[in-house]
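This is what each chain is made of:
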Amino acid sequence: MIRIEKVCKAYGNGEEKLEVLKDISLTVDAGEFITIIGPSGSGKSTLLHTVGGLEEISSGQIFLDNEPIHQLKDSQLAKIRLKKIGFIFQQFQLLSSATALENVMMPMLNFFGKKDTRKKAEKALTRVGLSHRMNHLPSKLSGGEQQRVAIARALVTNPKLILADEPTGNLDSTNGENIISLLERIHQEDGVTIVLITHDKEIAYRADRVIHFLDGKIVGEEVLKVR
Ligand SMILES: Nc1ncnc2c1ncn2[C@@H]1O[C@H](COP(=O)(O)OP(=O)(O)O)[C@@H](O)[C@H]1O
Ligand SMILES: [Mg+2]
């Protein structure tokens, strides 16, 4: 599904140059659930953004389903993101002036008819247990509910890959647990590939494989479940 080969990434140049990813190579199989754990500032989010085509790399190669995403134009990347990838962020990233339903409809609006879009969005919200909250604004929802809206938004396009950047970072342990169980269920039911970044050891060790990240490098890897 994902093949990362000798990827380096730096921000700035000259004196200001900051090397954030240092020769990263990593392969993720289709249907795998991996977690990346490492301290703050070690480059985890940057790595996830490069895989999603949101950030350019300085050198190396990244393939998604054998497509060289490091070589694609923005318009091509946007298409791939829409077709294949669902993003989930720590800060939920919902539009505050839109209802839960409207937020979930957002990624599809330009591509499907309104009626179809609405149906798919309602189905996704029902799946994450929010059928009774569809017309609420994000400010009227708890953190855990907001993250479930964000998960519904990520799922609504039927992605093969979910990239989750500390999705429980802003939640208490109960809500965090609900979010992780939900992602586990989605992984099992849909066979999606999940790459999840976390600080939390307990969460990290629920994946098929844990990647340890430190100072822009992969410093260890543990296979927990043989699939
Ligand atoms: N757009 C940017 N411009 C300059 N430096 C950045 C940018 N984004 C991240 N960084 C720096 O890159 C390093 C890695 O950041 P990040 O990937 O967010 O780490 P993590 O997600 O592991 O906390 C940090 O030192 C951060 O300050
Ligand atoms: Mg981060």
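For the structure, check the block above.
Residues numbered from 1 in each chain as written. Chains lettered and ligands numbered in written order. Predicted model: local features only at pLDDT ≥ 70, side-chain atom pairs only at ≥ 80, totals over all residues.

Novice: Tell me about the overall build of the chain, and name the residues and values.
Specialist: Scanning the chain from N- to C-terminus turns up seven helices and 10 strands. Taken over the C-alpha trace, the chain has a radius of gyration of 17 Å; the compact-globule value for 227 residues is 17 Å, and the two agree within 12%. When the backbone C-alpha atoms are referred to their principal axes, the chain occupies close to 50 × 40 × 35 Å. Evaluated residue by residue, the chain yields a buried proportion of 41% over its 227 residues. Sequence separation of at least 24 residues holds for 66% of the intrachain contacts in the chain that already meet a minimum separation of 6. (Helix = DSSP H or I, 4+ residues; strand = E, 2+ residues; numbered from the N terminus. Rg over C-alpha atoms; globule rule 2.2 N^0.38 Å. Buried ≥ 20, exposed ≤ 12 C-beta atoms within 10 Å, placed from the backbone. Contact = placed C-beta atoms within 7 Å.)

Novice: An account of the site of ligand 1 is needed here, citing residue identities and associated values.
Specialist: Within the structure, ligand 1 sits among Tyr-11, Leu-18, Val-20, Gly-38, Ser-40, Gly-41, Ser-42, Gly-43, Lys-44, Ser-45 and Thr-46. For the shell around ligand 1, the leading source of residues is helix H1 (residues 44-51), giving three residues. For the shell around ligand 1, the per-class residue count stands at three nonpolar, seven polar and one charged. (Near = placed C-beta within 6 Å. Nonpolar A, V, L, I, M, F, W, Y, C, P; charged D, E, K, R; others polar.)

Novice: Give a description of the sheet that holds strand S2 (residues 18-28) that names residues and reports values.
Specialist: The pairing of strands in a sheet happens through backbone hydrogen bonds and is either parallel or antiparallel. The antiparallel open sheet is built from four strands, whose spatial order is S2-S1-S4-S5. Both edges of this open sheet fall to S2 and strand S5 (67-68), since each of them pairs with a single strand only. With seven bridges joining them, strand S1 (residues 2-11) and S2 adopt antiparallel strand pairing. Paired with Lys-9 across the strands is Leu-21, a residue of S2. (Pairing = 2+ DSSP bridges.)

Novice: Outline unusual backbone geometry, supporting the account with residue identities and numerical values.
Specialist: At Lys-6, a residue that is not glycine, the phi angle is positive and equals roughly 50 degrees. Mapped onto the elements of the fold, Lys-6 is located in strand S1. A count of 12 C-beta atoms within 10 Å places Lys-6 in the exposed class. Of note in the backbone geometry, Asp-65 takes a positive phi value of approximately 50 degrees without being a glycine. Of note, Asp-65 is situated in the loop between strand S4 (59-64) and S5.

Novice: Please give an account of the sheet that holds strand S7 (residues 161-165) that cites residues and values.
Specialist: If you trace the six strands from one edge of the open sheet to the other, you get S6-S7-S8-S3-S9-S10, paired in mixed fashion. Two strands lie at the open edges of the sheet, namely strand S6 (85-88) and strand S10 (217-223), each paired on one side alone. Adjacent strand axes in the sheet meet at a mean angle of 15 degrees when their direction is disregarded. When strand S3 (residues 33-37) meets strand S9 (residues 209-214), the two strands line up parallel, connected through four bridges. Following the sheet pairing, Thr-35 is matched in S9 by Val-210. (Axes fitted to C-alpha atoms, helices over the stretch in contact; angles between N-to-C directions.)

Novice: Tell me about the pairing of S6, and name the residues and values.
Specialist: The alternating pattern of S6 places Ile-85 and Phe-87 on one face and Gly-86 and Ile-88 on the opposite face, and all of these are buried. Inspection of the sheet shows S6 paired to S7 by four bridges, in the parallel sense. Bridged to Phe-87 within S7 is Leu-163.

Novice: Could you give me a rundown of the nonpolar core, with the residues and numbers involved?
Specialist: Counting residues in hydrophobic clusters, the biggest one holds 61 residues, and the most contacted among them are Val-104, Leu-125, Ala-152 and Leu-163. The element best represented in this core is helix H5 (residues 143-155), accounting for six residues. Beyond its immediate chain neighbours, meaning those up to four positions away, Leu-125 contacts Ala-100, Leu-101, Val-104, Leu-130, Ser-131, Met-134 and Ala-152. (Core = buried A, V, L, I, M, F, W, Y, C linked by C-beta atoms within 7 Å.)

Novice: Kindly report on helix H4 (residues 114-127), identifying the contributing residues and their values.
Specialist: Taking 1.5 Å per residue, 14 residues should reach 20 Å; H4 reaches 20 Å between its end C-alpha atoms and fits that length. All buried positions along H4 are accounted for by Thr-117, Ala-121, Ala-124 and Leu-125. Summarising the axial view, the buried residues of H4 lie within an arc of 95 degrees, below the 170-degree limit, and thus occupy one face. Turned more than 90 degrees away from the buried face of H4 sit Lys-115 and Asp-116, all of them exposed. Elements in contact with the buried residues of H4: helix H3 (100-105) and H5. Phi for Gly-129, located one or two positions after H4, is positive at around 80 degrees. (Expected span 1.5 Å × (residues − 1). Arc of directions from axis to C-beta.)

Novice: An account of the environment of Arg-81 is requested, with residue identities and associated values reported.
Specialist: Secondary-structure assignment places Arg-81 in helix H2 (residues 74-84). Owing to 21 C-beta atoms within 10 Å, Arg-81 belongs among the buried residues under this scheme. The sequence separation of Arg-81 and Gly-53 amounts to 28 residues, and the corresponding C-alpha distance is 7.8 Å. In contact with Arg-81, not counting residues within four places along its chain, are Gly-52 and Gly-53.

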